[in-house]
Amino acid sequence: MAFMEKPPAGKVLLDDTVPLTAAIEASQSLQSHTEYIIRVQRGISVENSWQIVRRYSDFDLLNNSLQIAGLSLPLPPKKLIGNMDREFIAERQKGLQNYLNVITTNHILSNCELVKKFLDPNNYSANYTEIALQQVSMFFRSEPKWEVVEPLKDIGWRIRKKYFLMKIKNQPKERLVLSWADLGPDKYLSDKDFQCLIKLLPSCLHPYIYRVTFATANESSALLIRMFNEKGTLKDLIYKSKPKDPFLKKYCNPKKIQGLELQQIKTYGRQILEVLKFLHDKGFPYGHLHASNVMLDGDTCRLLDLENSLLGLPSFYRSYFSQFRKINTLESVDVHCFGHLLYEMTYGRPPDSVPVDSFPPAPSMAVVAVLESTLSCEACKNGMPTVSRLLQMPLFSDVLLTTSEKPQFKIPTKLKEALRIAKECIEKRLIEEQKQIHQHRRLTRAQSHHGSEEERKKRKILARKKSKRSALENSEEHSAKYNNSNNSGSGASSPLTSPSSPTPPSTSAALGLSERCKERDICITSTSSTSTTTSSSLASCEHRGTCPALVSGCEWREPRGLAQLYPEFPKRNFEESQNL
């Protein structure tokens, strides 16, 4: 694709800083080898996942390529005999899963091109060095005074940003660095405004900004040239590394961990904060502060890569601050990134995790105060201080800066408005991403709590109690229904009478048996059958004592008929009731 050619329509702009996770789902044994089926996921969305198939030899090849980092990675050893046994394959699968966990949780390794191509070959199959070289060659056709000396392979961490060592033909001893970068997901400027702002960068003059010699852009990428600095960046000073070495070799496993002197920390920190305040006052978004973006020129720090925010490239520390919803503006992002930088200057290494619970001993408590305000749990939860507030803190307030260079950076009003809108869009995408991560974290925490052993025991106990309560309620309901049925279907009916005899009272009433026996649950029950004409019968219990409920002179007998109890009851009525 020619340098001034537009990118294809519908081009997908990936955020390369979104972490990838990998889980081995299964293994399948073929004739001579075993293949491992791996599920890879980008970010928190389960829908954004895919399967890859890898052999042990693929893992071994990746591991050999990563040896440049100087890390001892836990790849399971080779085995020539018995490597098809089921038990061995299961054990090797566990070891390979542990290996994947290590490389995907290491901040530098997880962002390198080797790991991305291994886990996501569809999106990272292109040769970006070759693409950049083609773009640069097209540029040189219109600018013949420049000449490429050599590519500076992998000196940076970005996959889609490449560097070349340059020279001017009429000044062969002078060395320059050309950087080429593709567009990123946060590019919200129009093509016209984007190209105008890129071309404005060489006019930016500030004592703490590394000057751009030449800059140009098209609709899909940008190309900038700066002077090459043999001393390298602030990160090279901290890690005692050579600027031309690959990024993995320089910073993954430093040989010697040693922080800077207190005066260096104070001076460099004050200079960096001053240039951040200058850019914020101008309305120019930055958001890309880290030690590799600070060029060291003697005792002066100069900021690099102002074009990154215009290109829409994601920040080096995005996977950190996207976890905290209070870090939602570009100024708060810069302040948080400054905390990372200050930690590296103080201790000679990055923090193991963020937020930081406790800080090791520092050269001054004033350093710890600034670190706590930017990296502690409280700061990440409640929000960052402003750049102006950091400048007023004791660590930097007494630093005297001596410079005669006057800052200059004129941005037309129309472009300032375009920058403001682009800045709002960048912050809006960050806020939306933080919201999704927060919801996912809450859901994961709830599922983890719900599936814990303690919760399962609680649910079992509650289920048993609920079952007992339900059984008791059902029993009571059944008993109530049974009693209601008996009450509605029973009761004494008027006995048959003759015109010549008076109507006798009910049997239980005549005997005074309406009261219950206090010594037994039930002494007398009266049953009657419902019919057109009914009669009462009397039953007794086994109780042989005198019931206080009986009338005077009555005692218990075996069941007897009405004629025996009522001598005066007409015989005809008794016989008729028996027939009924």
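All of the points below concern the structure found in this document. (Residues numbered from 1 in each chain as written. Predicted model: local features only at pLDDT ≥ 70, side-chain atom pairs only at ≥ 80, totals over all residues. Heavy atoms only, no water.)

Looking at the overall build of the protein
Put simply, the rule is: Helix and strand assignments come from DSSP, with helices taken as H or I runs of at least 4 residues and strands as E runs of at least 2, each series counted from the N terminus. Partly exposed describes any residue whose relative accessible area lies between the buried limit of under 20% and the exposed limit of over 50%, with all areas from a 1.4 Å probe on protein chains only and scaled to the type maximum. Note on definitions: a residue-residue contact is assigned when non-hydrogen atoms from the two residues lie within 4.5 Å. Per-residue accessibility takes into account occlusion by the displayed protein chains alone, with areas from the Shrake-Rupley method and a 1.4 Å probe.
Each helix and strand counted, the protein has 21 helices and twelve strands in total. Residue burial in the protein is summarised as follows: out of 580 residues, 45% are buried. Counting only contacts in the protein whose residues sit at least 6 apart along the sequence, the fraction spanning at least 24 positions is 64%. A total accessible area of about 31400 Å² is found for the protein, and carbon and sulfur atoms account for 51% of it.

Digging into the layout of surface pockets
Keep this limit in mind: Only protein atoms enter the calculation, which uses a 1 Å grid: trapped sets of points that fit a 1.4 Å probe without letting it out are cavities, open sets showing protein on both sides within 12 Å along at least five of seven lines are pockets, and any residue with an atom within 4 Å of a point is a lining residue. Grid points are joined across faces, edges and corners, and a volume is the space filled by probe spheres set on the points. Classification convention: Asp, Glu, Lys, Arg as charged; Ala, Val, Leu, Ile, Met, Phe, Trp, Tyr, Cys, Pro as nonpolar; all other residues, Gly among them, as polar.
Size it by volume and the second largest pocket reaches roughly 460 Å³. Lining the second largest pocket are 22 residues, with Cys112, Glu113, Leu114, Lys153 and Asp154 sitting closest to its centre. Those elements giving two or more residues to the lining of the second largest pocket turn out to be α4 (113–119), α5 (128–142) and α8 (247–251). For the lining of the second largest pocket, the leading source of residues is α4, giving three residues. Taken together, the residues of the lining of the second largest pocket break down into eleven nonpolar, five polar and six charged.

Here's the deal with the sheet that holds strand β1 (residues 20–29)
Our working definition: Pairing between strands requires that DSSP locate at least two bridges from one strand to the other. Note on geometry: axes are C-alpha line fits, over the in-contact stretch for helices, and angles between N-to-C directions span 0 to 180 degrees.
Strand order in the open sheet formed by three strands is β1-β2-β3, with antiparallel pairing between adjacent strands. The sheet is open, and its two borders are formed by β1 and β3 (49–55), each paired with just one other strand. Across the sheet, the mean angle from the axis of one strand to that of its neighbour is 25 degrees, orientation sign disregarded. For strand β2 (residues 34–42) and β3, the ladder comprises seven bridges, and the chain directions are antiparallel.

Quick look at the pairing of β1
Looking at chain direction, β1 and β2 are connected through nine bridges and run antiparallel. In the sheet register, Gln28 faces β2, and the bridge partner there is Glu35. Between the antiparallel neighbours β1 and β2 lie four residues.

Observations concerning a positive patch on the surface
In plain terms, the rule: Candidates for patches are residues over 30% relative accessible area with no salt bridge; among them, like charges are joined within 9 Å and nonpolar side chains (Val, Leu, Ile, Met, Phe, Trp, Tyr) within 5 Å. A pairing counts as a salt bridge when a side-chain nitrogen of Lys or Arg comes within 4 Å of a carboxyl oxygen of Asp or Glu. For the charge count, each Lys or Arg is scored as positive and each Asp or Glu as negative, with His and the chain ends excluded. To locate a charge, take atom NZ for lysine, CZ for arginine, CG for aspartate or CD for glutamate.
Together, Arg325, Lys326, Lys435, Arg442 and Arg445 make up a region of like positive charge exposed at the surface. On the secondary structure map, Lys435 appears in helix α17 (residues 413–450).

Details of the pattern of salt bridges
Tallied over the entire structure, the rule returns 27 salt bridges. When the shortest N-O distance is used, the salt bridge between Arg420 and Glu424 registers 2.6 Å. Note that Arg420 and Glu424 are positioned in helix α17 at a spacing of four residues, about one turn of the helix. Looking at Glu424, the relative accessible area reads 42%, which means it is partly exposed. One salt-bridge network, held together by shared partners, links Asp15, Asp186, Arg318, Arg429 and Glu433.

Notes on the nonpolar core
What counts is decided by this rule: In this description, a nonpolar core means a group of buried Ala, Val, Leu, Ile, Met, Phe, Trp, Tyr and Cys residues linked to one another through side-chain atoms lying within 4.5 Å.
Core analysis: the largest hydrophobic core is formed by 110 residues, its most contacted members being Leu66 and Leu289. Of all the elements, helix α12 (residues 330–347) adds the most residues to this core, at nine residues. Excluding residues that lie within four positions of it along the chain, Leu66 makes contacts with Leu73, Tyr99, Ile103, Leu109, Cys112, Leu114, Val115 and Leu248.

Some remarks on α5
The cut-off we apply is this: By this rule, a helix spans an expected 1.5 Å times one less than how many residues it contains. The arc in question is the one traced by the directions running from the helix axis out to the C-beta atoms. Residues adjacent in sequence count toward polar contacts only when both atoms are side-chain atoms; beyond that, a polar contact is any pair of N or O atoms within 3.5 Å, and within protein one must be able to donate a hydrogen and the other to accept it.
If you check α5, its first and last C-alpha atoms are 22 Å apart, about what 15 residues at 1.5 Å a residue would give, namely 21 Å. Every buried residue of α5 is accounted for by Tyr128, Ala132, Gln135, Val136, Phe139 and Phe140. Here the buried residues of α5 occupy an arc of 140 degrees about the axis, which is enough to place them on one side. Looking at the buried residues of α5, the elements they touch are α4, β4 (146–152), β5 (161–168), β6 (171–182), β7 (214–217) and β8 (221–227). Of the residues flanking the start of α5, the one acting as N-cap is Asn127, its side-chain oxygen 3.3 Å from the backbone nitrogen of Thr129.

Comments concerning the packing of aromatic side chains
Filter applied, for reference: Between the rings of Phe, Tyr and Trp (Trp by its six-membered ring), a pair exists once the centres lie within 6.5 Å; its type follows the angle of the planes, with under 30 degrees stacked, over 60 edge-to-face, and the other angles tilted.
Under the counting rule described, the total for this entry stands at 14 aromatic pairs. For the pair Phe59 and Tyr99, a centre-to-centre distance of 6.3 Å together with 70 degrees between the ring planes defines the contact as edge-to-face. Linking Phe59 in helix α1 (residues 56–65) with Tyr99 in helix α2 (residues 86–105), this pair joins segments that are 40 residues apart in sequence. For the ring pair Phe338 and Phe396, a centre distance of 5.8 Å and an interplane angle of 65 degrees mean the geometry is edge-to-face. Placement of Phe338 in helix α12 and of Phe396 in helix α16 (residues 394–397) is noted, with a sequence separation of 58 residues between them. In terms of burial, Phe338 and Phe396 fall into one category: buried.

Remarks on unusual backbone geometry
Here the amide bond leading from Val354 into Pro355 is cis, since omega sits at 5 degrees, within 30 degrees of zero. Looking at the element boundaries, Pro355 is found in the loop between α12 and α13 (365–375). Unusually for a residue other than glycine, Lys240 sits at a positive phi of about 55 degrees. A relative accessible area of 52% means that Lys240 is categorised as exposed. One non-glycine residue with positive phi stands out, namely Asp305, at about 60 degrees. Among the structural elements, Asp305 can be located in the loop between β10 (300–303) and α10 (307–311). Here Asp305 falls in the buried class, since its relative accessible area comes to 7%.

Some words on the sheet that holds β6
Ordered in space as β4-β5-β6-β8-β7, the five strands form an open sheet in which the pairing is antiparallel. Pairing within the sheet leaves two strands with one partner each, and these edge strands are β4 and β7. Each neighbouring strand pair of the sheet contributes to a mean axis angle of 25 degrees, computed without reference to strand direction. Helix-sheet contacts for α5 involve β4, β5, β6, β7 and β8, and the interaxial angle to β5 is about 35 degrees.

Looking at the packing of helix α9 (residues 262–282) against α12
Any two packed helices are characterised by the angle at which their axes cross and by the distance between the axes. The line we're drawing: An angle below 35 degrees is treated as roughly parallel, one above 145 as roughly antiparallel, one from 65 to 115 as roughly perpendicular, and anything else as oblique. Helix crossings get a hand from a simple test, with the near helix turned counterclockwise from the far one by less than a right angle marking a left-handed crossing and a clockwise turn marking a right-handed one.
Their axes nearest at 11 Å, the elements α9 and α12 cross at an angle of 165 degrees. Viewed along their axes, α9 and α12 adopt a mutual orientation that is roughly antiparallel. In this structure, the crossing between α9 and α12 has a hand that is right-handed. Across from Ile265, Tyr268, Gly269, Ile272, Leu273, Leu276 and His280 in α9, the residues of α12 making contact are Leu330, Glu331, Asp334, Phe338, Leu341, Leu342, Met345 and Thr346. Among the residues making up the contact of α9 with α12, the classes are represented as ten nonpolar, three polar and two charged.

Don't take any of this as a statement about function, it's just geometry.
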